[in-house]
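Chain residues, written in single-letter form:
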Amino acid sequence: MPKTEKVKMRLGKQCVICEKRREEGISIAFSFICQTCEQEIVHLNDSDQMYNKYVKQMRTVSSQYV
């Protein structure tokens, strides 16, 4: 019996924030933000520790679009 090859499939798109592959989220220009990161961004204050991380990652969205 011939040996079969394994095929790896990547489901979803890669989030520009967390870099994980997810199916649910939003597309902005040519970038994707997963639903989890989107919710974290929406509820984030500029005094939160993670604020600067999100700002840095969001710059990749704008730089891809320009």
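Residues numbered from 1 in each chain as written. Predicted model: local features only at pLDDT ≥ 70, side-chain atom pairs only at ≥ 80, totals over all residues. Heavy atoms only, no water.

Structural notes on unusual backbone geometry
Convention followed: Strands are runs of DSSP state E lasting at least 2 residues, helices are runs of H or I lasting at least 4, and numbering of each runs from the N terminus. We call a residue buried when its accessible area falls under 20% of the maximum for its residue type, exposed when it is over 50%, and partly exposed in between, using a 1.4 Å probe and counting protein chains only.
Positive phi, close to 65°, is recorded for Glu19, a residue that is not glycine. Summarising the element assignment, Glu19 is placed in the loop between β1 (13–14) and β2 (21–22). Taking relative accessible area as the criterion, Glu19 reaches 54% and is therefore assigned exposed.

Quick notes on the environment of Val55
Inspection of the secondary structure puts Val55 in helix α2 (residues 51–65). According to the relative accessible area criterion, Val55 is partly exposed, its value standing at 26%.

Regarding the pairing of strand β4 (residues 31–34)
Selection criterion: Any two strands between which DSSP finds at least two bridges are classified as paired.
Burial along β4 is two-sided: the residues Ser31 and Ile33 and Phe32 and Cys34 are all buried. Strand direction decides the pairing type here: strand β3 (residues 25–28) and β4, joined by 4 bridges, are antiparallel. Pairing of Ile26 across the sheet is with Ile33, part of β4. Counted between consecutive antiparallel strands, the loop separating β3 from β4 contains 2 residues, among which Ala29 sits at a positive phi close to 55°.

By themselves, these figures tell us nothing about what the structure is for.
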